[in-house]
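# Structural description and commentary
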Amino acid sequence: GISLMTIVARKKKVALPSAALEPQNYVFVFPVYKEQVIIEDTLRYYEHFVAELGTVQLLFVTTAKEKGDQSTYDLIKNYLAKSKYQDKVTLIECAELQGTKATQINYGLAYLRQKYAVLPSLVLFDCDARISLSDFSNAQTWIDHNPEAVVYSFVPKSILHSTTPLLVQSTVLHHTER
């Protein structure tokens with residue numbers, strides 16, 4: 001599938017020069033539903049961001065409407081029991097049975113608001129999305145140079161026409177302001 005990344009950054013009141021910025025902390029948020037086929041691959045893939053960057057945590061938001069012997073929640077829980085990064089990966093389950101992906105995202109956001117006094121930047125992924133470390137680094141550079149923006153959508157270069165810039169700023173609502 002097409003790999004898209006959306007970052008919802010915390011609002012900055014004062015733009016600081018890039019050299020003065022602290023290392024940015026990120027939470028990669030994955031709303032998941034019936035992802036049994038690819039969930040372990042997704043966990044392995046994004047754990048390398050945790051290992052390489054040190055400023056990334058992962059949040060998987062499952063849903064109670066997923067029933068069965070081996071739910072995505074069960075597979076993630078079993079995987080994390082053996083993972084050396086389990087302290088950097090959080091698994092929560094949205095109890096809403098009638099909700100959608102947006103319900104899971106809002107549930108995850110509510111969880112993060114309780115956990116952090118100041119929200120880190122949130123990066124929203126689908127389980128089949130794959131972004132390279134270099135593309136993520138390019139996104140960070142763009143964000144450092146555009147501190148007034150609070151929501152960004154990034155499309156990997158490989159799926160764009162050569163005349164389209166690597167990073168495309170989105171005009172969607174800033175979810176952390178709601």
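The notes below deal with the structure included here. (Residues numbered from 1 in each chain as written. Predicted model: local features only at pLDDT ≥ 70, side-chain atom pairs only at ≥ 80, totals over all residues. Heavy atoms only, no water.)

Here we come to the pairing of strand S4 (residues 89–94). Most of S4 sits out of view: 5 of its 6 residues are buried. Where strand S3 (residues 56–63) and S4 come together, 6 bridges link them in parallel fashion. Each bridged residue has a counterpart across the sheet, and for threonine 62 the counterpart in S4 is glutamate 93. In the classification by handedness, the crossover that spans S3, the intervening helix H2 (residues 72–82) and the parallel S4 is right-handed. (Buried < 20%, exposed > 50% of the residue type's maximum accessible area, 1.4 Å probe, protein only. Helix = DSSP H or I, 4+ residues; strand = E, 2+ residues; numbered from the N terminus. Pairing = 2+ DSSP bridges. Right-handed = clockwise from strand over helix to strand, strands pointing away.)

As a further point, take the pairing of strand S2 (residues 26–31). The element S2 is extensively covered by neighbouring structure, given that 6 of its 6 residues are classed as buried. In S2, alternate side chains face the same way, and those of Tyr26, Phe28 and Phe30 on one face and Val27, Val29 and Pro31 on the other are all buried. In terms of strand pairing, S2 meets S3 through 6 bridges, oriented parallel. Note on S3: the bridge partner recorded for proline 31 is valine 61. Handedness of the crossover is the feature at issue here: the chain leaves S2, passes through helix H1 (residues 39–53), returns alongside S3, and the resulting connection is right-handed. When S2 meets strand S5 (residues 121–124), the two strands line up parallel, connected through 4 bridges. If you follow phenylalanine 28 over to S5, its bridge partner there is valine 123.

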